[in-house]
Number of protein chains: 4
Amino acid sequence: MNNPFMYDEKPKEECGVFGIWSSGNQSISKMLYYGLIALQHRGQESAGMVMCDRQGPLGNISAHRGMGLVSEVFTDEVLGELHGNIGIGHVRYSTTGESRVENAQPVFLNYLKGTLAFAHNGNIRNAGEIRKELQKKGAIFSGTTDSEVVAYRIAMERMETGSIEEAIINVVEELRGGYALLILSPQKLVGVRDPYGLKPLCLGKKDGAYILSSESSAILSCGGELIRDIEPGEIITITDEGIQSDFSLKKKKHAHCIFEYIYFARLDSVMDGISIYDARIRGGKALAKRYPVEADVVTGVPESGITSAVGYAQEAGIPFQIVFYKNSYVGRTFIKPSQEERMSAVHMKLSVLSDVVKDKRIVLIDDSIVRGTTITNLITMLKKAGAKEVHVRISSPPFLYPCFYGTDVPDNKELIANELTKDQICKKIGADSLEYMYLEDLKEMTGDLPLCRACFDKNYPDESEL
Amino acid sequence: MNNPFMYDEKPKEECGVFGIWSSGNQSISKMLYYGLIALQHRGQESAGMVMCDRQGPLGNISAHRGMGLVSEVFTDEVLGELHGNIGIGHVRYSTTGESRVENAQPVFLNYLKGTLAFAHNGNIRNAGEIRKELQKKGAIFSGTTDSEVVAYRIAMERMETGSIEEAIINVVEELRGGYALLILSPQKLVGVRDPYGLKPLCLGKKDGAYILSSESSAILSCGGELIRDIEPGEIITITDEGIQSDFSLKKKKHAHCIFEYIYFARLDSVMDGISIYDARIRGGKALAKRYPVEADVVTGVPESGITSAVGYAQEAGIPFQIVFYKNSYVGRTFIKPSQEERMSAVHMKLSVLSDVVKDKRIVLIDDSIVRGTTITNLITMLKKAGAKEVHVRISSPPFLYPCFYGTDVPDNKELIANELTKDQICKKIGADSLEYMYLEDLKEMTGDLPLCRACFDKNYPDESEL
Amino acid sequence: MNNPFMYDEKPKEECGVFGIWSSGNQSISKMLYYGLIALQHRGQESAGMVMCDRQGPLGNISAHRGMGLVSEVFTDEVLGELHGNIGIGHVRYSTTGESRVENAQPVFLNYLKGTLAFAHNGNIRNAGEIRKELQKKGAIFSGTTDSEVVAYRIAMERMETGSIEEAIINVVEELRGGYALLILSPQKLVGVRDPYGLKPLCLGKKDGAYILSSESSAILSCGGELIRDIEPGEIITITDEGIQSDFSLKKKKHAHCIFEYIYFARLDSVMDGISIYDARIRGGKALAKRYPVEADVVTGVPESGITSAVGYAQEAGIPFQIVFYKNSYVGRTFIKPSQEERMSAVHMKLSVLSDVVKDKRIVLIDDSIVRGTTITNLITMLKKAGAKEVHVRISSPPFLYPCFYGTDVPDNKELIANELTKDQICKKIGADSLEYMYLEDLKEMTGDLPLCRACFDKNYPDESEL
Amino acid sequence: MNNPFMYDEKPKEECGVFGIWSSGNQSISKMLYYGLIALQHRGQESAGMVMCDRQGPLGNISAHRGMGLVSEVFTDEVLGELHGNIGIGHVRYSTTGESRVENAQPVFLNYLKGTLAFAHNGNIRNAGEIRKELQKKGAIFSGTTDSEVVAYRIAMERMETGSIEEAIINVVEELRGGYALLILSPQKLVGVRDPYGLKPLCLGKKDGAYILSSESSAILSCGGELIRDIEPGEIITITDEGIQSDFSLKKKKHAHCIFEYIYFARLDSVMDGISIYDARIRGGKALAKRYPVEADVVTGVPESGITSAVGYAQEAGIPFQIVFYKNSYVGRTFIKPSQEERMSAVHMKLSVLSDVVKDKRIVLIDDSIVRGTTITNLITMLKKAGAKEVHVRISSPPFLYPCFYGTDVPDNKELIANELTKDQICKKIGADSLEYMYLEDLKEMTGDLPLCRACFDKNYPDESEL
């Protein structure tokens, strides 16, 4: 989850958003920085902030966007030049391969009503159509991103309606897909969550400031406290007069992305009332109930499989053990070994604690298998260190279908589950047994929460509407 | 002219533009690079290129813009990623103090008709009004530059007319000010010169390519040849079918910026039929005729005063001598001496050849005096080295009035000529005599060429129209 | 252990060494690189390699040293310029505060017999005296490091004896302290371990190459296998004719540094026959036996306290739980919150999984307390998250005395255990109980292995000799 | 002279030295910086400073050395960390191709008497022998530079004599070659100039400080004044008690390097009583007297040929004209055109002022021809611009022999004068006539000053002694 080197084959989240509305006069740039640092796991390609002074003149915006990690893009010097008491920030992982600073968010626009800044997580399925529609009506864009399209549409609407809230309501009714939006209109901070609740968004506060964030942990990390989740379809507006919500988007059907619980979200977040940690523990327990195995040790692939492994161990009554040592100095700049050097990069990053595995039967938990390269290396290492058996348990069902809501699942052809049967995969990775989470057991993780699990069962929540 | 450290008090040109339309299929990125390197003296703040493939799909654009010198912004790697056989480039010096990459040119837009890129040199006096007008009509901008306003206006117009040329004609008729524009519409390269010819633009060719450039020297530097200057008010369009010109903007009154001849343009450029070198030589001669003085040596402040000094020397029959040694390693990163160190930065940069000046009466030529700091330092150095007398001759009249066409003359208060009389300045800088070019002698430099010399005489060419 | 930001108050190891003698002709630079990456936890200040070609001309050395992490100092380009089939490498943590590239190791010398390169881990207590002695005899040094002194002394001796081995024997007999030395003499690789075995050194092989390394895990990480530990007092020489050992330094008394087992060494190393992982598990168990407490959850401070916590949990029959989420993006460039922002940097780095601790009695294990700042923050976080009780168990006795063998323990005044009683510390950090490892229980970790534990009991192994 | 890009085929000076002894207490780091900036033309590969506090403890040294220009190596931050009131600095151009920071000067040593720092310009012909001799006696070096050898030898000698001055006298008597040395012994600054005076060194002062510098212009640039040249064979010592000189090295025969006057030294330096500017003017005049030609314009290749061209013009009565425009933005990072782009890099750097040369007969002066590439390009450009004739005059005789005193003349094979006759060269470069300075006319430049001109006539001053 945390290291781009290790888990380059995992599905990727596109973005994290973080917005602040402060009643004070001090610059919120540092607080936005801490919020984005805390959301960095949701996107490492680019980072950006836009802020302005609610008491200042219209359009007096302060912004910076750049390629790289938050701590690379925002130096002390850069933060010192950004001013304002209301602002939004964004971290991005590109799904399209276009890694250019022009695509970094938030975007901002200048128009009759002043300035509008916009950031989003997720995917607007009909953004291309809206773009074409707008272009037909004469719209002129400065880039090619979906963000600009939606921001543009809101600005257009704003010119014909009495308030930014009204404009946003009118626009989001047109949007299809899964998304969490933050909009900064000179004196207001607005958040929108898609009607299905596919993408997360929550509300927090710290001192005199309100916060909108993709995850609750980011609110806590910078010293604030969680108030509540934004409801699916809720449009929340924070102004001098307080907080107001509109629910015109609201639908009966909800469908929260299961991958937040399996993999994306931070372990210490609570999302739609469910603790991510608890969900993963319960997922591990469900795996153990459904697919028990005689074994001596349960362990997880760091970091993504650790929590489920703890759950599996508890349920199975087999001791959880730390089995892999992780070298935290193997990072992005590390020069990877070539094939001829007969070493795997995984081996430099992770090594096996032989004492723990020698002559033992191991249960190895991971959250997913994409191409299977890493798990194969780890099983080889375990066997070489003396493990008698390695039983792999995956805390999600196999990926079979693409995601249309902003998660970057690899192409069909790269998904091993689309090419081979479970038994073939088991053989190929060198495991003694292999089991995936049973589809219906996902509800063990999240209880009654309505889920989108289309990547497993092809049941897209908005299929009927498109 | 060449060194931002030395001449930071000189008037500043805002921009240089360079465009290429190539009949071949090879990338023109390197050629744009050479062209911009050759125009670097016109702006050192930011540089950019936009190009596309005339045969490719609409809107398939390749672009890069960044802060700094052309050689800093465009590395081998960056150039390798830019592709296309038609493109425009830009170097910029900011007049507004807003040094942000968002303000770098060229700008580009996406709209119904594909992509439009735009770069300009000069100042659109009514850009602010056009912006407001457009915003009232619902226009939404992504930045705050004049370039985006004009590009936007052209794109709007294009949607209502049959061709980009027609759209441009309609838009430029609205523009007030002095400008040279380059527009890249997927398959066409268009250049526009303002009706007064305030800003320069010329046409050249190299092999199968046509070039539009702020200066002829940039065409020659990259191996091409000058065809002709673009006429004031001419709109020139280069397409697969060749070159076509429209003259609907044409006016009777022309007014070429005198400062190109005095200071801005490269010595090896020919502009509107007049060699810059010749003009400066003639300027020096005119100074000598009007303000002769008994002296032993004539010299110029490197580099801006050298050519006029050669002219003065020829007319006066006094030998021209090199009097200052210039340390070319004193550049932008040089740590300037503090006051306490009792040295001037000018002294590190320039030193006097004592043998040449000892016991001599010196004529010292420069092209302008703004705050007077540098010239004071130089006179002190000359006197310390034994010069008996120092007679200063300035190859332009005193600045008295602001420029509205894109030249960054310092504020009135910083202009020494607005604060002190000629005699007071002479005393303050420590000269034995001081003379400025006589206003009417400017025609010695440029013959019959109609000039804008409003910064000297307040006679703005478009005053009646605004 | 791994993160300089988090654990800046922990005792610090000074160095790691890694040497290769290869029978082949291919460059070993990449293998040295991987070895040093695997030892990076032993020093992050500077890194260096010296290598040469055993078949090449004398003194044909290839070297690079620089400030920073191994992956920063050694880029692809740098590695490509380093050649040789025999070499030594070094990672360093400075104890003196002099962070200059001149102090980076290995050092190398040119003299009558060719070239000599030298790297060491540890501290030569009498290096200063040897330096003075040598200077009195006329020695001239290019720097001020102990490494240069010893290398110099060996080179001197080599000029008067028949072989480098003999020279080394003569010199090391003079040395006092704890050290592991690697010496590269054009065709030989020599390793020396101090007579007490204070500092670790072991022998491994990979294909046709022999490896000397501070830790076994580094040998395994780069695909090799451990042969054995170098014995205390052993001088091992690897040449074309194989491996030879001399034991003239050997003493009866051994004293292995206890801190390798408590903290320094990688979890996956085996050192002097003892698995580091096992030792820490046993340490945790000993703590549980000696200082049991009624509790619901056992956890450790990541990463340093995790393994002991697992041991404690096993012994106590209380479940081990992961309680802290670690944000791996909070690294060296992270801008730390100020006091006014009312957040601790620890809070950005680590957060509590509330579900796990709510209403629970927690046993929190760490390996040491120096100033107590971090543990105080963590206890505050646990209590705020709802923990009913927090019982701290430290897997080492309190530091009370300085280390003279190369471990950088903070000054007496900064050691909280020197200022306050155990009960006072417990109160100050906000714990409900606090216990340190009982001194005699250390043998639970390491069995019969003779230890140096002078930092706890002032019993320095070489006291009598100095 | 100034641009590494343009004149990469010119002979290269190895070094410049600059030393300061200040009676005050303030840090001299900034003053050393300005001195080195002023000597940058003498070497651009690396730069370094060593300084210490005369009142401080022995050996308390402050040093920094790095690859690159002075302004790159010494940032504000680095200068702020360097302290002392006595110091030496160095700029280096490598002759050997070994461009490593280990070779940067000054070197410094620690020994019984404290610290010794050393910097030199020139070449110690017998440094290799001294090194071997010292190694036989047991010397141990940390690097491979001549500087370390001499510094080491001085330190050795110092240990056996009563003073550093005495030690230096004893050592320099052994040295063969051409050199200027600066030695910093904690409280003394010593300068040595070789007995022939091959390399320059002079004394200056500023406020309470004494300065030793390779060139007088560097003293003036930082606000000081020249006192006198150091005499050939003089050993000058600056201490609290003032300045003392020893002349034990003195010889009757002097031989000043002619290339300082032709090319190396700054135009504004005065060296051994002769103004560099005057010498070059007289050189141009001598060329005109010896090799007159009917022509319309005299010009020089910037910058190296300009001054001689002014002299030629004065003598010949033909007007001097500026003929080339130099683009000062074509620097080290400029991407050079490939052959296919049918442009020369010279063309981007220099362009011809066509008006000046059209239909004209040109005399083109340069200071040397090495491979002939640049001059060929320039002649082509002149002819293309309409020049009727181009007559080349070179202000030095042809290079034929290697320099053993530290000037980096290209290999014999690369010297066009060793391969072709004058007429063949003339034809190859496309000139209408070609003449080199007549050997005996060199005395026109430097009067009675005894010269080393061995690169022209093979008459090495110290031939008999080696």
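Conventions used here
- Residues numbered from 1 in each chain as written.
- Chains lettered and ligands numbered in written order.
- Predicted model: local features only at pLDDT ≥ 70, side-chain atom pairs only at ≥ 80, totals over all residues.
- Heavy atoms only, no water.
- Pairing = 2+ DSSP bridges.
- Helix = DSSP H or I, 4+ residues; strand = E, 2+ residues; numbered from the N terminus.
- Axes fitted to C-alpha atoms, helices over the stretch in contact; angles between N-to-C directions.
- Contact = heavy atoms within 4.5 Å.
- Least-squares fit on C-alpha atoms with pLDDT ≥ 70 in both.
- Phe/Tyr/Trp six-rings, centres within 6.5 Å; stacked < 30°, edge-to-face > 60°.
- Buried < 20%, exposed > 50% of the residue type's maximum accessible area, 1.4 Å probe, protein only.
- Buried area = accessible area lost by both parts, 1.4 Å probe.
- Salt bridge = Lys/Arg side-chain N within 4 Å of Asp/Glu carboxyl O.
- Polar contact = N/O pair within 3.5 Å; in protein donor to acceptor, adjacent residues only side chain to side chain.
- Core = buried A, V, L, I, M, F, W, Y, C linked by side-chain atoms within 4.5 Å.
- Nonpolar A, V, L, I, M, F, W, Y, C, P; charged D, E, K, R; others polar.
- Parallel < 35°, antiparallel > 145°, perpendicular 65-115°, else oblique.
- Left-handed = near helix turned anticlockwise from the far one by under 90°.

Q: Which parts of the structure should I look at to understand the sheet that holds strand 21 (residues 389-394) of chain C?
A: In a beta sheet, neighbouring strands are held together by backbone hydrogen bonds and run either parallel or antiparallel to one another. Residue and element names in this part refer to chain C. A sheet is described by the order of its strands in space; here 4 strands give the open sequence 17-20-21-22, paired in parallel fashion. One side of each edge strand has no neighbouring strand; the edge strands of this open sheet are strand 17 (297-300) and strand 22 (433-436). Ignoring strand direction, the axes of neighbouring strands in this sheet form an average angle of 20 degrees. The pairing of strand 17 with strand 20 (residues 361-366) spans 4 bridges and is classified as parallel. Each residue of the ladder has a partner; that of V297, found in strand 20, is I362. Those strands touched by helix 13 (residues 373-384) are strand 20 and strand 21, and its axis lies near 150 degrees from that of strand 21.

Q: Is there a simple way to explain the relation of the copies chain C and chain A in this structure?
A: Comparison of the two chain copies shows a relationship of rotation about an axis with a shift along it. For the pair chain C and chain A, the relating rotation is 180 degrees, the translation along its axis is 0.1 Å, and the fit reaches an RMSD of 0.1 Å. Such values leave the two copies arranged in the relation of a two-fold axis. An overlap of 100% is found between the interface residues of chain C and their copies at the interface of chain A, pointing to a shared contact surface.

Q: Sorry, what's going on with the relation of the copies chain B and chain D here?
A: Superposing chain B onto chain D requires a rotation of 180 degrees together with a translation of 0.0 Å along the rotation axis, leaving an RMSD of 0.1 Å. Taken as a fraction of all interface residues of chain B, those also at the interface in chain D reach 100%, which identifies the copy contact as same-surface.

Q: Hey, could you run me through the packing of aromatic side chains in this one?
A: The geometry of an aromatic ring pair comes down to the distance between the two centres and the angle between the two planes. All names here are of chain C. On inspection of all chains with the given rule, the structure shows 40 aromatic pairs over all chains. Aromatic pair F259 and F456: ring centres 5.9 Å apart, planes at 40 degrees, arrangement tilted. Here F259 is found in helix 8 (residues 258-264), whereas its partner F456 is found in helix 17 (residues 454-457), with 197 residues between them in sequence. The exposure class assigned to F456 is buried, which follows from its relative accessible area of 6%.

Q: Even after reading the chapter, I still don't get unusual backbone geometry, so can you show me in this structure?
A: At the junction of A:Q105 and A:P106, the peptide bond is cis and its omega measures out at -5 degrees in the coordinates. With respect to the secondary-structure elements, A:P106 resides in the loop between strand 4 (86-92) and strand 5 (107-111). Cis geometry is found at the peptide bond from C:P302 to C:E303, where omega equals -15 degrees. Topologically, C:E303 is positioned in the loop between strand 17 and helix 10 (306-316). Although it is not a glycine, C:D272 adopts a positive phi angle of roughly 50 degrees. Inspection of the secondary structure puts C:D272 in the loop between strand 15 (270-271) and strand 16 (274-275).

Q: How do you make sense of the interface of chain C and chain A when you look at a structure like this?
A: Interface size, as often reported, equals the accessible area lost upon joining of the parts. Facing the 57 residues of chain C at the interface are 57 residues of chain A. Both faces considered, chain C and chain A share a buried interface measuring about 4,800 Å² in area, 55% of it formed by carbon and sulfur atoms. On the chain C side of the contact with chain A, C:Y325, C:Y329 and C:I335 bury the most area, a combined 17% of that side's loss. Here chain C is connected to chain A by 0 salt bridges. If you look at where chain C meets chain A, you find 16 residue pairs in polar contact (both at pLDDT 80 or more).

Q: What is the right way to look at the sheet that holds strand 13 (residues 242-246) of chain D in this model?
A: All names here are of chain D. Taken in spatial order, the 6 strands of this open sheet run 5-6-7-8-12-13, and their pairing is antiparallel. On the outer flanks of this sheet lie strand 5 (107-111) and strand 13, each paired with one strand and no other. Shown here is a sheet whose adjacent strand axes are inclined to one another by a mean of 20 degrees, direction ignored. Here strand 12 (residues 235-239) pairs with strand 13 via 5 bridges, running antiparallel. Bridging from a neighbouring strand, I236 pairs with S245 of strand 13. Helix-sheet contacts for helix 5 (residues 146-158) involve strand 5, strand 6 (114-124) and strand 7 (177-185), and the interaxial angle to strand 6 is about 135 degrees.

Q: Can you help me understand the nonpolar core in this one?
A: Generally speaking, a soluble globular protein has its nonpolar side chains buried in company with each other. Judged by nonpolar contacts, the single largest core of 122 residues is most densely connected at B:V357, B:L382, B:V392, D:F259, D:V357, D:L382 and D:V392. Top contributing element to this core by residue count: helix 9 (residues 276-290) of chain D, with 7 residues. Of all hydrophobic cores here, the second largest spans 121 residues; its members include A:I306, C:V297, C:V346 and C:I394.

Q: Can you help me understand the interface of chain B and chain D in this one?
A: Each side of the interface is counted separately: chain B has 57 residues, and chain D has 57 residues. Together, the buried faces of chain B and chain D total about 4,800 Å²; carbon and sulfur atoms form 55% of this surface. Contact with chain D buries area across many residues of chain B, yet B:Y325, B:Y329 and B:I335 alone supply 18% of it, more than any other trio. For the pair chain B and chain D, the number of links is 0 salt bridges. Linking chain B with chain D are 17 residue pairs in polar contact (both at pLDDT 80 or more). For the side of chain B that touches chain D, the element with the highest residue contribution is helix 1 (residues 29-38) of chain B, accounting for 5 residues. Of the residues assigned to the side of chain B that touches chain D, the class counts are 28 nonpolar, 17 polar and 12 charged.

Q: It is not clear to me how the side chain of C:D462 should be interpreted in this structure. Could you clarify?
A: Residues and elements named next belong to chain C. Topologically, D462 is positioned in the segment after helix 17. The exposure class of D462 is buried, given its relative accessible area of 1%. A distance of 2.8 Å separates the side chain of D462 from the side chain of R125, its partner in a polar contact. Once residues within four sequence positions are removed from consideration, D462 is found in contact with R125, G177, Y196 and Y405.

Q: Help me understand the packing of helix 5 of chain D against helix 6 (residues 164-172) of chain D, please; the structure alone is not making it clear to me.
A: The description of two packed helices rests on the angle between their axes and on the distance between the axes. Residue and element names in this part refer to chain D. It is at 8 Å that the axes of helix 5 and helix 6 come closest, and there the two elements cross at 125 degrees. Between helix 5 and helix 6, the angle falls in the class oblique. Pair helix 5 / helix 6 crosses with right-handed handedness. Between helix 5, through V150, R153, I154, E157 and R158, and helix 6, the contact on the second element is made entirely by I164, A167, I168, N170 and V171. Class assignment for the residues of the contact of helix 5 with helix 6 results in 6 nonpolar, 1 polar and 3 charged.

Keep in mind these values describe shape, not function.
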